[in-house]
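Remarks on the overall topology
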Amino acid sequence: MLLGLTTALVATVCFGFGSVFQASGAREAPHADQVRVGLLAALVRSWRFLFGTGLDIAGFALSIVALRTLPLFLVQAVTNASLAVTALAAARLLGARLHRADLVGIAAVVVGLTLLALGSGRAGRDHAPAAFHWALLATTVLMLLLTLVLARRTGNAAAVGLGLLAGVGFGVTSLAVRVLDLDGPLDAFTDPAAYGLALGGLGGYLAYALALQRGTVTATTAAGTVSETFGPALVGVAALGDTARPGYAWCALTGFAVAVGGTFVLSRFGEVEAELGRPPEPAAPARPGPTRVARTAPPCEGDLPDKTDGKTRTERQVP
């Protein structure tokens, strides 16, 4: 368990710093409203963006070890807590301001994960019947179809729906890693869970990107956190046999709820590029309005300019 918990925590740090370095690299690239070859070339030339991408890859590799050796409810809560790392790193490297609610969220994540680690038991089975593998693939196909449907809609409701679907895709990825058949080098190519893993990851990123175009970062990330965290946790307990320590179920349940609640509070850091990587928009030009002409009384005969203050005041010359 110690190895799995260590790899999960290191993966969390990798995910958190990866988002910040990718945001820093994106800020160096020229601003563009569409994905162009020049923009992609600029991102590839940015060592910060490449370093952040490498941290994401390293975090995913480390999370595989954690998913195979720890209960899913523990791994999902720990890796989603990378938002706390992102918040601290963004404040240090990108100049983001941490509000009081952000500090409360970070403290909740730390306390929740501590309770969750104390209450977690052994991981359940790392294998499942063939029907479970096919169910994972069918879930990703359904998720992709619903993503195409919601992509035709706009508004915050569509963003929340797409965020939920993104969490489903990422959750399927975690479940597929847990039960993937790794007995032989070619077994993965015949395992439906392997294709569910690939489609779930790519579909999750697609749904998340579409959600960010239609709604706020907070709503999208919070919705994704619900499905990505609670879904695999429930499946792990119900279908794969994940359990808490005997007599510490209350500790694991409380820690899980507190950690996920802290992640909700920190959900505005779900996509640092969207919060900090966007250059400030220029102020809108003032709308031209009708020219107002001050109406003055017609001059009277005998009026002379008053030169005491250089203004166009007039004084009546008394005959």
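Residues numbered from 1 in each chain as written. Predicted model: local features only at pLDDT ≥ 70, side-chain atom pairs only at ≥ 80, totals over all residues. Heavy atoms only, no water.

A closer look at the side chain of Ser82
Inspection of the secondary structure assignment puts Ser82 in helix H5 (residues 82-93). Judged by its relative accessible area of 12%, Ser82 is buried. Of the polar contacts made by the side chain of Ser82, one reaches the backbone oxygen of Thr79; its length is 3.0 Å. (Helix = DSSP H or I, 4+ residues; strand = E, 2+ residues; numbered from the N terminus. Buried < 20%, exposed > 50% of the residue type's maximum accessible area, 1.4 Å probe, protein only. Polar contact = N/O pair within 3.5 Å; in protein donor to acceptor, adjacent residues only side chain to side chain.)

With respect to the confidence of the model for the protein chain
Regions with low pLDDT carry predicted coordinates that are not meant to be interpreted in detail. Looking at the protein chain as a whole, its pLDDT mean stands at 80, while 78% of the residues score no less than 70. The element-level mean pLDDT for the protein chain is lowest in strand S2 (residues 314-316), coming to 46, with helix H7 (residues 130-150) highest at 95. Low confidence marks residues 273-297, where pLDDT is under 50. Its contacts with residues over four positions away, or in another chain, come to 15 contacts. With pLDDT under 50 throughout, residues 300-319 is counted as low confidence; its partners more than four residues away or in other chains account for 13 contacts. (pLDDT = per-residue confidence, 0-100. Contact = heavy atoms within 4.5 Å.)

Topic: the pattern of salt bridges
Applying the stated criterion across every chain yields a total of two salt bridges. The partner of Arg68 in a salt bridge is Asp126, and the shortest N-O contact between them spans 4.0 Å. One end of the pair, Arg68, is in helix H3 (residues 47-69); the other, Asp126, is in the loop between helix H6 (100-119) and H7, and 58 residues separate them in sequence. The partner of Arg178 in a salt bridge is Asp242, and the shortest N-O contact between them spans 2.7 Å. Placement of Arg178 in helix H8 (residues 156-179) and of Asp242 in the loop between helix H10 (217-239) and helix H11 (249-265) is noted, with a sequence separation of 64 residues between them. Here the two residues Arg178 and Asp242 agree in accessibility, since each one is buried. (Salt bridge = Lys/Arg side-chain N within 4 Å of Asp/Glu carboxyl O.)

Regarding the environment of Gly171
Considering the arrangement of structural elements, one finds Gly171 in helix H8. Looking at Gly171, the relative accessible area reads 4%, which means it is buried. Linking Gly171 and Gly231, residues 60 residues apart in sequence, is a C-alpha distance of 6.7 Å.

Some details on a nonpolar patch on the surface
Side chains of Leu164, Val226, Phe230, Leu234 and Phe264 sit close together on the surface and give an oily, nonpolar patch of about 410 Å² of accessible area. No other element matches the three residues that H10 contributes to the nonpolar patch. By secondary structure assignment, the location of Phe230 is in helix H10. Here Phe230 falls in the partly exposed class, since its relative accessible area comes to 34%. (Patch = residues over 30% accessible without salt bridge, like charges linked within 9 Å, V, L, I, M, F, W, Y side chains within 5 Å. Areas by Shrake-Rupley, 256 points an atom, 1.4 Å probe, with all protein chains shown as cover.)

Topic: the packing of aromatic side chains
Inspection of the entire model under this criterion finds three aromatic pairs. Seen from their ring centres, Phe21 and Phe51 are 5.0 Å apart, and the 90° between their planes marks the pair as edge-to-face. With a gap of 30 residues between them, Phe21 in helix H1 (residues 2-28) and Phe51 in helix H3 connect regions that are remote in the sequence. Judged by its relative accessible area of 17%, Phe21 falls in the buried class. Since its relative accessible area comes to 41%, Phe51 is described here as partly exposed. Ring geometry for Phe230 and Phe256: centres 5.2 Å apart, planes at 85°, overall edge-to-face. With Phe230 in helix H10 and Phe256 in helix H11, this pair connects stretches of sequence that are 26 residues apart. (Phe/Tyr/Trp six-rings, centres within 6.5 Å; stacked < 30°, edge-to-face > 60°.)

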